[in-house]
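# Tertiary structure, described
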Amino acid sequence: MIKLKNLSKRFGKFTAVDNINLEVKEGEIFAFLGPNGAGKSTTIKMLTTVLSPSEGEMEVNGYDVIKNKNKVRESIGVIFQDHSLDDELTAYENLYYHAVLYKIPKKERNARIDKLLNYIGLLDRKNNLVKTFSGGMKRRVEIARGLLHSPRQLFLDEPTIGLDVQTRSFLWDHIKKINKEQGITIFFTTHNMDEAEKIATRIAVIDKGRIKIEGTSRQIMEKTKTGTLEEAFLKLTGRDIREQPADNHEAMRKRRRR
Amino acid sequence: MIDAIAVMWKRQIKTYLRSKHRLIGSLAQPLLFLVAFGFGFGPIFEQAGRGNYIQFLIPGIIGMTILFSSVMNGMSLIWDKQFGFLKETLVAPVPRINLLIGRCLGGATTSTFQGIVVLAISFLMGYKVVNWALFPVGILFMFLISFLFTLLGTSIASKVEDMLAFPTMMNFMIMPMFFLSGALFPIDNFPSFIHAIAIINPMTYCVDLLHYTLGTSASFSFMLDMGVVVGLMVLLFMIGTYCFNRIET
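Bear in mind that the values here come from a model prediction, so they are computed numbers and not experimental data.

### Re the overall build of chain B
Looking only at helices and strands, one finds 11 helices and 0 strands in chain B. Ordering the α and β elements of chain B from the N terminus gives α-α-α-α-α-α-α-α-α-α-α. In terms of overall size, chain B behaves like a compact globule, its C-alpha atoms giving a radius of gyration of 18 Å where 249 residues would be expected to give roughly 18 Å. Counting only C-alpha atoms and orienting by the principal axes, one finds that chain B spans roughly 60 × 35 × 35 Å. A buried classification covers 47% of the 249 residues belonging to chain B. Sequence-distant contacts, at least 24 apart, represent 81% of the contacts inside chain B between residues at least 6 apart.

Spelled out as structure tokens, the structure:
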């Protein structure tokens, strides 16, 4: 469950997120779409407590994100846009350290880790260093880690970027499954309109820090009088190619991921 | 709470032990200084009537090993920032102060370990323990000093994004700290203005503590040395916590 009220984030003179209001209900699969630099990642960072907003209020799972950071952190799982495993540790160690940080009772740790490793098909690679894994395998470990502490809400920031078709379909199948079986609320961003259309129960489009439209993909197509979500998206955000400031570190991280 | 500190501590040690190059590379510099100065300056030192140079030099070289490796522990934080693992710890329901303590204890442990390896090698150079009762206290001080400088390196690293700039910046800071600390020569012979720098250099008091426990002669009162080290640690701990609480991604 997410509630955003008049949320803004400014970096100096640049306004990344401009007074947005948004509500995501328990059990929804919500897609947050927008061109590069629209404010998607900035919003996710604020919701996941790693960036503080300039103005506004946020609530996640009933907890105030600013005042009650630790409660929010306990109740969410995050799959970041770029790599966030420790490559020098094994898959098991990465998950075990996560279990400790999230205060999973000692007795349950190993059983849960094995269950999730089995779930992502990497139980036999349990004790291999993550640096020996492919990009897709690393992603799967990150998914297992994000689910390890049974969060009520999962955030995924461009989770399918750079993944092969198999890993992508694996990821979405499992996201749908955990949403259905465990009622975990899903909030994700993507550049792939097909994914959003197929997976999401509701969609919002953000551009230049402002929310342009919100609704089911059908509602969005009706409102914009277009035939596909992609057309609707282009109509709402224009055809100009966005410039994203070059970031060396980002490029370096991406390279390492492969 | 303790769990989070312990797990961060363990992680720092594990990643250190898995990098054999780091271990070997970090020993090369102190050994070079040990050999070059020990054999080069030893005879002059002894002719000047200051006693056995190796006995004087070893605490300084231990101090150097600790200073360099501890400050460079900050690199691990920058690495984690660049390659993403930091984010995983920042969204975890753990107070940041525990992450800082765990990381710094881990870094201090590996630096102390390096100091002990250099100490072991120095026995081959003819170093003799002056007072066995004080020897374990010396090891304890090595850990204390390691923690102090790991805090320093980590606090600075929390404000630095550039992976390549950090070691260069740190060298610029730790080289003078090392040379003007009495690690290689007694500071009472320094010209007055350099002596003044040595007096305000925290490393001077760290080396002095090691002289008390592992060497023969010290320059200041024990209370002054301890006061400087503990006072600085408290100050850096406050600064480090402040910086850590403000890391955003």
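Additional details are given in the paragraphs that follow.
### With respect to the interface of chain B and chain A
Counting residues at the interface gives 22 residues for chain B and 26 residues for chain A. Of all the secondary-structure elements, those providing two or more residues to the side of chain B that touches chain A are α1 (2-18) and α5 (85-90) of chain B. If one sorts the elements of the side of chain B that touches chain A by residue count, α1 of chain B sits on top with 7 residues.

### Things to note about the nonpolar core
One finds A31, A144 and F155 of chain A together with I62 and L67 of chain B to be the most contacted residues of the largest nonpolar core, which totals 128 residues. If near-sequence neighbours (up to four positions away) are discounted, A144 of chain A is found in contact with L95, L116, L117, Y119 and I120 of chain A.

### Regarding helix α11 (residues 222-245) of chain B
With 24 residues, α11 of chain B should reach 34 Å at 1.5 Å per residue; the first-to-last C-alpha distance of 34 Å fits that figure. When we look at burial in α11 of chain B, the residues that qualify are D225, V229, L236, G240 and F244 of chain B.

### Structural notes on the pairing of strand β1 (residues 2-11) of chain A
Residues and elements named next belong to chain A. In this structure, β1 lies alongside strand β2 (residues 14-24), joined through 7 bridges in antiparallel fashion. Bridging from a neighbouring strand, K9 pairs with V17 of β2. Count of turn residues in the β1/β2 antiparallel hairpin: 2 residues, of which G12 carries a positive phi of about 60°. With 5 bridges connecting them, β1 and strand β4 (residues 55-60) associate as antiparallel partners. Opposite I2, over in β4, you have V60 as the bridge partner.

### Some details on the sheet that holds strand β7 (residues 153-157) of chain A
All names here are of chain A. With mixed pairing, the 6 strands of this open sheet are ordered in space as β6-β7-β8-β3-β9-β10. Each of the sheet's edge strands pairs with one partner strand only, and the pair in question is β6 (76-79) and β10 (210-215). Strand-to-strand twist in this sheet, taken as the mean axis angle between neighbours without regard to direction, amounts to 15°. Here 5 bridges tie strand β9 (residues 202-207) to β10, and the two strands are oriented antiparallel to one another. Paired with I203 across the strands is G215, a residue of β10. The strands that helix α5 (residues 135-148) touches are β6 and β7; relative to β6, the one it contacts most, it runs at about 165°. Strand contacts of helix α8 (residues 217-224): β9 and β10, with the helix running at about 115° to β10, the strand carrying the most contacts.

### What to know about the confidence of the model for chain B
Residues and elements named next belong to chain B. Taken as a whole, chain B shows an average pLDDT of 92; of its residues, 100% reach a score of 70 or greater. Per-element averaging of pLDDT across chain B places helix α2 (residues 20-47) at the bottom with 86 and helix α7 (residues 135-157) at the top with 97. In the model output, the complex is listed with pTM 0.91 alongside ipTM 0.89.

### Some points on the packing of helix α3 (residues 53-72) of chain B against helix α6 (residues 96-124) of chain B
All names here are of chain B. Contact geometry of α3 with α6 gives a least axis separation of 9 Å together with a crossing angle of 150°. As judged from the angle between their axes, α3 and α6 are roughly antiparallel. The two elements α3 and α6 meet at a crossing, and its hand is right-handed. Listed contacts from α6 to I58, I61, I62, T65, I66, S69 and S70 of α3 are G107, A108, S111, Q114, G115, V118, L119 and S122. Residue composition of the contact of α3 with α6, by class: 7 nonpolar, 8 polar and no charged.

### Regarding the packing of helix α3 (residues 91-101) of chain A against α1 of chain B
Two elements in contact, α3 of chain A and α1 of chain B, have axes separated by 9 Å at closest approach and are oriented at 155°. The angle between α3 of chain A and α1 of chain B places the two elements in the roughly antiparallel class. For the crossing formed where α3 of chain A meets α1 of chain B, the hand is left-handed. Together, Y97, V100 and L101 of chain A of α3 of chain A and D3, A4, V7 and R11 of chain B of α1 of chain B make up the contact between the two elements. Partitioning the contact of α3 of chain A with α1 of chain B into residue classes produces 5 nonpolar, no polar and 2 charged.

Reading guide: rules and limits
Residues numbered from 1 in each chain as written. Chains lettered and ligands numbered in written order. Predicted model: local features only at pLDDT ≥ 70, side-chain atom pairs only at ≥ 80, totals over all residues. Helix = DSSP H or I, 4+ residues; strand = E, 2+ residues; numbered from the N terminus. Rg over C-alpha atoms; globule rule 2.2 N^0.38 Å. Buried ≥ 20, exposed ≤ 12 C-beta atoms within 10 Å, placed from the backbone. Contact = placed C-beta atoms within 7 Å. Core = buried A, V, L, I, M, F, W, Y, C linked by C-beta atoms within 7 Å. Expected span 1.5 Å × (residues − 1). Pairing = 2+ DSSP bridges. Axes fitted to C-alpha atoms, helices over the stretch in contact; angles between N-to-C directions. pLDDT = per-residue confidence, 0-100. Parallel < 35°, antiparallel > 145°, perpendicular 65-115°, else oblique. Left-handed = near helix turned anticlockwise from the far one by under 90°. Nonpolar A, V, L, I, M, F, W, Y, C, P; charged D, E, K, R; others polar.

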